[in-house]
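What the coordinates show
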Amino acid sequence: WLRLDGTRMEAWEQAQSLVMLLHEGADRVLVAFHREESAAVLALPAPRWGHRWRLLADSAEPGRDGIAEATAQVAPRSVLLLAEVAAAGGNPELA
């Protein structure tokens, strides 16, 4: 479990946001739970070489998707789902 700034979660009872990074084999997904009443910035873990983070779902804006760079905006009281995807041709500049 991580905090929005990417550091490891230590104090659970005071957490306003939780980030879960899951991986199985070559697949990595990230789920961010944000319960604060104000927007925040999520610091994404560095993707593996040849990969990028793609936003798959945003509970605050259902049609939102696309490639996320080093950070992602998290709306108040929302959940984000991101997946690490291979860049086109293995080049992260082309994803």
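Residues numbered from 1 in each chain as written. Predicted model: local features only at pLDDT ≥ 70, side-chain atom pairs only at ≥ 80, totals over all residues. Heavy atoms only, no water.

As for the environment of S78
- Looking at the secondary structure, you find S78 in strand β7 (residues 78-86).
- Each C-alpha atom of the pair S78 and A32 lies 8.2 Å from the other, and the pair is 46 residues apart in sequence. (Helix = DSSP H or I, 4+ residues; strand = E, 2+ residues; numbered from the N terminus.)

Focus on the side chain of S17
- Tracing the backbone through its elements, the reader meets S17 in strand β1 (residues 17-24).
- Overall, S17 belongs to the buried group, its relative accessible area being 9%.
- A distance of 2.5 Å separates polar atoms of two side chains, one belonging to S17 and the other to H34. (Buried < 20%, exposed > 50% of the residue type's maximum accessible area, 1.4 Å probe, protein only. Polar contact = N/O pair within 3.5 Å; in protein donor to acceptor, adjacent residues only side chain to side chain.)

Some points on the pairing of β1
- As paired elements, β1 and strand β2 (residues 27-34) share eight bridges and run antiparallel to each other. Along β2, the bridge assignment pairs H23 with R28.
- The loop that links β1 with its antiparallel partner β2 comprises two residues; one of these, G25, has a positive phi angle of about 60 degrees. (Pairing = 2+ DSSP bridges.)

Examining the pattern of salt bridges
- Following the criterion strictly, the structure yields five salt bridges and no others.
- Residue E37 pairs with R77 through a salt bridge whose shortest N-O separation is 2.9 Å. Taken together, the residues E37 in the loop between β2 and β3 (40-43) and R77 in the loop between β6 (71-74) and β7 connect sequence positions 40 residues apart. Residues E37 and R77 agree in their burial class; the two are exposed.
- Here D58 and R64 are joined by a salt bridge, their closest N and O atoms 2.6 Å apart.
- Classification of D58 by relative accessible area gives buried; the value is 4%. (Salt bridge = Lys/Arg side-chain N within 4 Å of Asp/Glu carboxyl O.)

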